[in-house]
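Next come the chains, spelled out residue by residue.
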Amino acid sequence: VDVLQNTAAPTETQSIKEVLRTVNEKASILLEQRQAELQKGLGETEIKARLIRVKSVADQLNFIYNVTCDINKTAAALVNVI
């Protein structure tokens, strides 16, 4: 995450949701910047390259988080049944 944001690594007090929100916000900002570039007719740029990297990682982190939440819900339901 710190590599994507060019900032310090998240602290232990930050929740996973806060980290995901930060990564998603960074991806959104890059997307807006890229859309502005496209309107200007720009092709290959550093923002495009960064967007591809950040968006890819953000999507993977969001997927992992959502699957983990689903697993926790299923496990909790199974514990209540047993």
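Please refer to the structure placed before this passage.
### With respect to the side chain of R34
Part 1 of the reasoning: In this structure, R34 sits in helix α2 (residues 16-39).
Part 2 of the reasoning: Apart from the residues lying within four places of it in its own chain, the contact partners of R34 are L42, G43, T45, I47, K48 and L51.

### Remarks on helix α3 (residues 46-81)
Part 1 of the reasoning: The terminal C-alpha atoms of α3, which comprises 36 residues, lie 53 Å apart, in line with the 52 Å expected from a rise of 1.5 Å per residue.
Part 2 of the reasoning: When α3 is considered as a whole, its buried residues turn out to be L51, V54 and A58.

### A word on α2
Part 1 of the reasoning: Here α2 contains 24 residues, and its C-alpha end-to-end distance of 35 Å stays within 8% of the 34 Å for a straight helix at 1.5 Å per residue.
Part 2 of the reasoning: Downstream of α2 by a residue or two, G41 has a phi angle that is positive, lying close to 85 degrees.

Criteria and thresholds
Residues numbered from 1 in each chain as written. Predicted model: local features only at pLDDT ≥ 70, side-chain atom pairs only at ≥ 80, totals over all residues. Heavy atoms only, no water. Helix = DSSP H or I, 4+ residues; strand = E, 2+ residues; numbered from the N terminus. Contact = heavy atoms within 4.5 Å. Expected span 1.5 Å × (residues − 1). Buried < 20%, exposed > 50% of the residue type's maximum accessible area, 1.4 Å probe, protein only.

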